[in-house]
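# Descriptive analysis of the structure
Letter by letter, the chains look like this.
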Amino acid sequence: MKRRKFLLSAGAIGSMGVTGRRLSRPEATLNVKVWFSEQAAAYAGLWRRVSGYLGRAFRRVHRGATVEFGGTVRVSTERAYDLVVGGEWPRRLVQGSAGMGPATPCDDVNLLVTDEPLTEWPTGAGVPHVAAVGGGAAMASLPPAGSASTVVGRTWGTYAMQVALHECGHALGLEHDVGSMRPDDGALVVSPMVSGYPWETAAVRAEHFDYEGSVCGCRYVEPAGREPRLMLRYSQCAGERIRDYRGGVTPW
Ligand SMILES: [Zn+2]
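Report on the accompanying structure. Counting of residues starts from 1 at the beginning of each chain's written sequence and follows it residue by residue. This being a predicted model, a pLDDT of at least 70 is required before a residue's local features are given, and a value of 80 or more before pairs of side-chain atoms are given or counted; all residues contribute to the totals for chains, interfaces and linings. Side-chain measures were taken over the full set of non-hydrogen atoms in the model, leaving aside hydrogen atoms and water.

### Digging into the pattern of salt bridges
- In the sections that follow, a salt bridge refers to a side-chain nitrogen of Lys or Arg positioned within 4 Å of a carboxyl oxygen of Asp or Glu. Enumeration according to the criterion identifies four salt bridges in this entry.
- Arg74 serves as the salt-bridge partner of Glu38, at 3.4 Å between the closest nitrogen and oxygen. Of this pair, Glu38 sits in helix H2 (residues 38-41) while Arg74 sits in the loop between strand S3 (65-73) and helix H4 (80-85), and the two are 36 residues apart along the sequence.
- Of the charged contacts in the structure, one is a salt bridge between Arg205 and Glu222, with a shortest N-O distance of 3.5 Å. Placement of the pair is Arg205 in helix H8 (residues 202-208) and Glu222 in the loop between H8 and strand S10 (227-231), with a sequence separation of 17 residues.
- A single network of salt bridges, built from pairs that share partners, joins Arg79, Asp82 and Glu116. Numbered from the N terminus, helices here are DSSP runs of H or I no shorter than four residues, and strands are runs of E no shorter than two.

Structure, rendered in structure tokens:
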């Protein structure tokens, strides 16, 4: 959940070199590919939940969205943020690692899900085309997407799934200023690109969430004691940008 600008300066993508190719795929497609760490892969039903919730969120905003399974990968840590910012996951997509070939990336979003509990911030990271999130166990415990509302109370499971949507948004070039928040009685309904930021410390908000509102005009407000309610779909503002996403240059 760090800002892309910071991540780029940290060299996560820079380490992959500059030999990208400009995408010429049909505008009608948007590809999301999901991998699991070996520990995350041990949770029965995790793929059904991840594909169910991500598929629902992406198909709402892009008719050509597909969510496919990339496979299980061996990683040196379950710390999702470190895997992206330290460069291990982006490098793995390009070069492979000792004794293992590269994980074949797709053009748009390549999300790694790990078994890290989401009790500590940062809970994941996303840079162009590449994302990772913890919370595998919590996501596996969710009810099927088809029986769940797209606006839900905050549990470890719903929070993890919303962070997954958040990091996928970063992989598509979205920032924290394309979200929405809406007071609703004692709750504050937040979209994926806002996520848990309104409840973070002042220092975290000053560094990563220093916005008066979204670029689409939604005003960002203080929680003022309101409980979080989480949208497991993208806001209209984010959705329009995902629909118009053209990909740019891939690092592979
Ligand atoms: Zn973020």
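### As for the coordination of the zinc ion
- The donor definition counts N, O and S atoms within 2.8 Å of each metal and applies 3.2 Å to Na, K and Ca; water is not among these atoms, so some sites may look incomplete. Around the zinc ion, the donor atoms from the protein are His166 (NE2), His170 (NE2) and His176 (NE2), and they sit 2.0 Å away.
- Read N to C, the donor residues that coordinate the zinc ion are spaced as H-x3-H-x5-H. On the criterion of helical spacing, the pair formed by His166 and His170 is a turn pair, its members being four residues apart in helix H7 (residues 156-171). Assigned by exposure class, His166 and His170 land together as buried. Accessibility here uses a 1.4 Å probe with only protein chains present; expressed as a share of the type maximum, an area under 20% marks a residue as buried, one over 50% as exposed, and anything in between as partly exposed.

### Re the packing of aromatic side chains
- Aromatic rings from Phe, Tyr and Trp, with only the six-membered ring used for Trp, were paired whenever their centres fell within 6.5 Å, and each pair was classed as stacked if the ring planes differed by under 30 degrees, edge-to-face if by over 60, and tilted otherwise. Per the stated rule, a full pass over the model turns up nine aromatic pairs.
- Ring centres 5.3 Å apart and planes at 45 degrees place the aromatic pair Trp47 and Phe69 in the tilted group. Of this pair, Trp47 sits in helix H3 (residues 46-61) while Phe69 sits in strand S3, placing them 22 residues apart in sequence.
- The class of Trp47 is partly exposed, set by a relative accessible area of 27%.
- By relative accessible area, Phe69 is classed as partly exposed at 35%.
- Consider the rings of Tyr197 and Phe209, whose centres lie 5.3 Å apart with planes at 5 degrees: the pair is stacked. Taken together, the positions of Tyr197 in the loop between strand S9 (187-190) and H8 and Phe209 in the loop between H8 and S10 put the pair twelve residues apart, joining distant regions of the chain. Here the two residues Tyr197 and Phe209 agree in accessibility, since each one is buried.
- Throughout this description, the term charge over a ring refers to an Arg CZ or Lys NZ atom that lies within 6 Å of the ring centre and within 35 degrees of the ring normal. The ring centre of Tyr159 lies 4.2 Å from the NZ or CZ of Arg154, which sits over that ring.

### Some words on helix H5 (residues 88-95)
- Every buried residue of H5 is accounted for by Trp89, Pro90, Arg92 and Leu93. End-on view of H5: buried residues confined to an arc of 160 degrees, all on one side of the axis.
- Every residue pair with non-hydrogen atoms within 4.5 Å of one another is taken to be in contact. Looking at the buried side of H5, the elements it contacts are strand S2 (30-37), S3, H4, strand S4 (109-113) and strand S6 (130-133). The arc in question is traced by the directions running from the helix axis to the C-beta atoms.

### Considerations on the sheet that holds S3
- Pairing between two strands requires that DSSP report at least two bridges joining them. In spatial order, the strands read S3-S2-S4-S6-S5; together these five strands make up an open sheet with mixed pairing. Where the open sheet ends on each side, the last strands, each with one partner, are S3 and strand S5 (124-127). Each adjacent strand pair in this sheet contributes to an overall mean axis angle of 20 degrees, direction not counted.
- Where S2 and S4 come together, five bridges link them in parallel fashion. Bridge pairing in S4 places Phe36 opposite Val113. Axes here mean lines fitted to C-alpha atoms, for a helix over just the part in contact, with angles spanning 0 to 180 degrees between N-to-C directions.

Keep in mind these values describe shape, not function.
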